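Take a look at the letters that make up each chain.
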Amino acid sequence: MSDYVKNTFYKTLSKRLSSVLEDIGVSEATVLARRESFLLRETNITIKNTINGQTGRYYHFGSQSEGTTTPGLQSDMDLLVCNNSVHVMISLGDWRKGMENVLMVKEDDMNPQQYLLQIISPNCASPETELYDELSECYKERIVLSSGRCIAKAMGRYNNISGSSNNAGPSASWSKDVDVVQALGVSGSLQEVTKWIDRIRPGHWPTKELLSEARDCMCFLVPVGHPFSKTKHIEWRLSPNLIERNLMFNLNVTQIKCYIVLKMIKKSLFNSVVDDGITSFHCKTVLFYTLERTPLHFWKEQNLAFLVKQCLHTLKRMLKIGLCPHYIISGVNLFEGKLSRVQCRKLHTYVMKLLRNDLDELVKIGIDNLGDRLMSFEKIRCDFGLSRDMLNACILKKLDYDRISYRFYSTNSLFEFRNKPVNVVLHELVVALHALMAYRNGSALESRVSSEIFRDLLISIASVQSSICIENVTPLLPCILECFKIGLQTDVASSRLKLASILLCSGHLDSAAYVLKDVKRRMSLKGAKFICRCRRGHEEDKTLLGFARFTPLSDTNIVLCVRFSRQELHCVPPILLFEMKRGITEDDIKERNLGKNIYMEDASVDAGVFLYYLQYLTYGGLKNREQTEMAYVALQEYIIEHEQDMYHTETGLNLLGHCAEMECDFEMAADMFRKSVEIFPTNNAAHWHILRCSDRYSL
C-alpha cells in the first residue's frame with residue numbers, strides 16, 4: 001500500500017484531481033454551506049408544521065444535504081417525512097394508550113431489512129381483529145399496515161397538489177427532481193443497530209463517538225418491500241438514515257472528494273456497462289467499508305487517486321462474489337434487485353480493466369468537464385463560463401436563494417386561511433406566535449429559524465389587525481406599528497410596501513409617501529435580488545450563471561413580491577381585490593391544483609410594480625400632479641425594462657392598465673388588459689377588467 005502512495009504518478013494525478021474538484025465546487029466551504037442550507041430548510045418546515053398542529057418531522061437526506069454533489073451531477077432532492085402520530089413498537093411492552101400503535105413483526109423467510117407492521121388497538125395492548133382503515137390489510141389473520149396503500153394514498157395527494165405524481169421505490173412525489181418518502185420513526189434498541197455497533201472492526205472508523213451517537217439515533221420504516229418478496233406490498237424497510245447522515249457529516253473533504261469521484265465513475269462509466277445497476281448508495285457503502293480498512297493517515301489530498309483506487313478494489317471484491325453487504329444491517333445484499341450475477345461479472349471485468357490501466361478512463365468523464373480538465377494544463381472554465389471563485393460564490397448564492405424562496409413559500413402554505421373569518425385567522429396567528437416561543441432558546445438552528453418565522457408572523461398579525469381597524473373606521477392600534485418595526489427586516493421592500501399600503505388605505509397619505517420614498521431608495525441599491533413568495537421562478541433562478549451579478553443574499557438585499565390574503569383585503573387598493581377572485585369561469589377553477597391555490601385567491605404583486613402603483617395613488621391623493629406623472633412613467637418604464645424577469649407579470653399589466661384608465665387613456669388600458677390575457681389566458685383578473693370597462697371602449 002505504501003508503495004502506491006509514494007508513486008509519483010498517483011501523487012500527480014491526486015493533486016490534479018483534487019484541484020479539478022475544487023474548480024467545480026467541491027470545497028470545504030461549499031460542502032458546509034450545502035449542509036447548513038438543508039438543515040435550515042428541514043428545521044423551518046418542521047417548526048412551521050409543529051406550530052400549526054401537524055405531527056410530521058421533516059428530514060433532508062441524500063447528496064444535496066450531505067454536500068456531496070456538483071452542478072454537473074444534478075442530484076435530486078431527498079425529503080423524508082416522519083409521521084409521529086403513529087407509534088412504532090419493537091415489542092408489545094412499548095404500547096401507548098390512545099395512540100395509533102403498530103408492532104414490528106418479522107416472518108421467518110423475510111429479508112433482514114424488511115418488517116410487517118401489525119396494527120395494535122389504541123385502547124389495549126392487543127392486536128386489531130378487523131380492518132382499521134383504508135390503509136390496513138389482512139394477512140395471515142393479522143391486520144397490518146399496507147405499504148402499497150400508503151404509497152397509493154401519497155400519489156393521489158400529490159396528483160391533487162400539482163396535477164401529476166412520480167413513484168420510485170419508497171418515494172412518491174409531485175416532481176422528478178424531488179423524492180419524498182413518507183416514513184414512520186422507530187426509537188429504542190434495535191437488534192440490527194446494536195449488532196453493527198458491537199461488531200469488531202479492523203481500523204479507526206467509525207469513531208467511538210459516532211458509535212455512541214448511533215445508539216440514540218432514530219431509524220425509519222419506509223413503505224417498500226423486497227423486490228423478490230411475495231408480500232412486498234405490505235412490507236416496510238428498516239432504514240438507518242440518521243446514522244448514515246452522521247457518518248457522512250463526519251467525513252473530511254478528501255473523503256468527500258473520493259465519494260464524488262465514485263459517483264461520477266458510476267454515472268459516466270458504469271452506467272454504460274450495467275445501465276442503472278449501480279447506485280449512489282452502492283458507492284456510499286463501498287466508501288464506508290474502505291474507510292474501515294484504510295488507515296486514517298492515508299486520507300489526505302495527495303493520496304486521492306490512490307484512495308479512489310482502494311474503493312474500486314473494495315467494489316471489485318463485492319462484484320466477484322455478487323454480494324454488496326449493507327454497511328449497518330447485516331444479511332442484506334444491496335445487489336439484489338439491482339444487479340444480476342451476469343451483470344456483476346460484466347462490471348467486475350470492467351473494474352479490473354479500470355484498475356489495471358491506472359484509472360486512465362477518468363478522462364472520459366464528461367460531468368462538469370472533469371475529463372477535459374484532467375487533461376488540460378490550463379484552467380478550464382465550467383459550462384457556465386465561471387472561474388473557480390465565481391462558481392463557488394454562485395453556488396453559495398443559489399443555496400441561499402433556494403432556501404429563502406422555500407422559507408417564504410412554506411409560510412404562504414402554513415395556514416389554510418381562505419374560508420376562515422378574519423377574527424379566527426388573527427387568533428390562529430397569535431396562537432402560532434406563542435407556540436413559536438418554545439423554539440427561541442432551542443438549538444442554534446431552531447433559534448435562527450424561529451427568529452425568521454417570528455418576524456413573518458408579526459407582519460401577518462399587524463396586517464390582519466390593520467384590515468380590521470380600517471374596516472371598522474378606527475385608528476390603527478399602536479401595537480400594529482410596533483409589530484412592523486420588528487418585522488420590517490424581513491426583506492428590503494415587501495413589509496415596507498405593506499405598511500405603505502395600510503397607511504394609504506387608512507388615509508395617512510403623507511406617511512405613506514415617506515415610506516414609499518424610503519423603499520425606492522432601498523430598492524435602488526445594487527445587487528438586490530427579487531424573489532417570488534409563490535415560487536414563480538424564472539429560468540435564470542434555476543442556473544448558477546443567473547447569480548453571477550448578485551451580491552451574497554441576506555435579508556438586507558432580497559426583494560420579495562408583496563402578498564395579501566383575503567383577511568387583509570381592507571389593506572389593499574380596491575383594484576387588487578379583483579386579483580382575489582381570478583376565476584371567471586368553471587374552466588378557470590378546474591385548471592387549478594392545490595399548489596396553485598396557495599396564491600390564486602390572494603393578491604400578489606411584484607415589489608417594483610407595487611411601489612410605483614402605490615406612489616401613483618398616494619401622490620394622486622395628495623394632489624401632487626408632477627409626482628403622480630413621474631410615478632406613472634416610472635411604472636411604465638419598470639414593466640418594459642423587467643418584462644422578462646418580473647414576477648406576477650399579469651398583475652403588473654393589470655395595475656398599469658388601471659393607471660392608464662385613471663389617466664383616461666382607455667386605449668392603452670385596453671392594450672394592457674389584452675396583453676395580460678395573452679400571457680395568462682386563465683385565472684387572470686384582466687378578464688374582470690375587460691368586462692368592467694367594456695362599456696367605455698371597444699375591446
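Residues numbered from 1 in each chain as written. Predicted model: local features only at pLDDT ≥ 70, side-chain atom pairs only at ≥ 80, totals over all residues. Heavy atoms only, no water.

As named in an unreviewed UniProt entry, the protein chain is Mab-21-like HhH/H2TH-like domain-containing protein, taken from Dreissena polymorpha.

Colleague: I keep staring at the overall build of the protein chain and nothing clicks. Help me out?
Modeller: Tallying secondary structure elements over the protein chain gives 26 helices and 16 strands in all. For 699 residues, the compact-globule formula gives about 27 Å, and the C-alpha radius of gyration of the protein chain, at 29 Å, lands near that figure. Each principal axis of the C-alpha distribution contributes one length, and for the protein chain these read about 85 × 70 × 50 Å. Counting only residues that meet the buried cut, the protein chain has 57% of its 699 residues in that class. (Helix = DSSP H or I, 4+ residues; strand = E, 2+ residues; numbered from the N terminus. Rg over C-alpha atoms; globule rule 2.2 N^0.38 Å. Buried < 20%, exposed > 50% of the residue type's maximum accessible area, 1.4 Å probe, protein only.)

Colleague: So what exactly am I meant to see when it comes to helix α9 (residues 253–274) here?
Modeller: An α-helix turns once per 3.6 residues; consequently, residues spaced three or four apart project the same way. Along its 22 residues, α9 runs 29 Å from first to last C-alpha, staying within 8% of the 32 Å computed at 1.5 Å per residue. Residue Lys266 marks the point of greatest curvature in α9, where the axis turns by about 40°. Of all 22 residues in α9, 18 are buried, a share of seventy percent or more. Between the side-chain oxygen of the N-cap and the backbone nitrogen of Thr254 there are 3.0 Å, and the N-cap of α9 in question is Asn252. (Expected span 1.5 Å × (residues − 1). Bend = angle between axes of the 7 residues up to and from the residue. Polar contact = N/O pair within 3.5 Å; in protein donor to acceptor, adjacent residues only side chain to side chain.)

Colleague: Sorry if this is basic, but what is going on with the UniProt feature "domain: Mab-21-like HhH/H2TH-like" (unreviewed entry) in the protein chain here?
Modeller: Per the UniProt record, "domain: Mab-21-like HhH/H2TH-like" (unreviewed entry) is found at residues 257–348. The span residues 257–348 shows a helical share of 63% and a strand share of 0%, and its end C-alpha atoms are spaced 23 Å apart. (UniProt positions renumbered as here; feature names shortened; annotations may be inferred.)

Colleague: For this particular structure, what's the right way to read the pattern of salt bridges?
Modeller: Pairing between side chains becomes possible if they bear opposite charge and their charged atoms approach one another. In total, this model carries 34 salt bridges according to the counting rule given. Two residues, Glu292 and Arg199, come together in a salt bridge whose shortest N-O distance is 2.8 Å. Of this pair, Glu292 sits in helix α10 (residues 280–293) while Arg199 sits in the loop between α6 (191–198) and α7 (208–215), placing them 93 residues apart in sequence. Among the residues examined, Glu292 registers a relative accessible area of 2% and is labelled buried. A residue is classified by how much of its surface remains accessible, and Arg199, at 28% relative accessible area, is partly exposed. In this structure, Lys675 engages Glu643 in a salt bridge whose closest nitrogen and oxygen atoms are separated by 3.1 Å. Taken together, the residues Lys675 in helix α25 (residues 666–679) and Glu643 in the loop between α23 (625–641) and α24 (649–662) connect sequence positions 32 residues apart. Residue Lys675 is classed as partly exposed on the basis of its relative accessible area of 31%. It is possible to trace a salt-bridge network through shared partners that takes in Glu22, Asp23, Lys257, Glu301, Arg373 and Arg388. (Salt bridge = Lys/Arg side-chain N within 4 Å of Asp/Glu carboxyl O.)

Colleague: Can you help me understand the pairing of strand β6 (residues 136–139) in this one?
Modeller: On a regular strand, each side chain points to the face opposite its neighbour's, so the side chains alternate between the two faces of the sheet. Pairing analysis gives four bridges linking β6 to strand β7 (residues 142–145), with the strands arranged antiparallel. When the bridges of β7 are listed, Ser136 appears paired with Leu145. (Pairing = 2+ DSSP bridges.)

Colleague: What should I look at first to understand the packing of aromatic side chains in this one?
Modeller: Aromatic ring pairs are described here by two measures, namely the spacing of the ring centres and the angle between the planes. All told, the structure shown has 14 aromatic pairs when counted by the stated rule. With a centroid separation of 5.3 Å and 65° between ring planes, the pair formed by Tyr59 and Phe220 is classed as edge-to-face. On the criterion of sequence distance, the pair formed by Tyr59 in strand β1 (residues 56–61) and Phe220 in strand β11 (residues 219–222) is long-range, its members being 161 residues apart. Taking the relative accessible area as the measure of exposure, Phe220 reaches 0% and is therefore buried. Ring-pair connections join several aromatic residues into one group, and the members of that group are Trp196, Trp205, Phe288, Tyr289 and Tyr327. Lying across the ring of Tyr327, Arg199 places its NZ or CZ 5.5 Å from the centre. (Phe/Tyr/Trp six-rings, centres within 6.5 Å; stacked < 30°, edge-to-face > 60°. Lys NZ or Arg CZ within 6 Å of the ring centre and 35° of its normal.)

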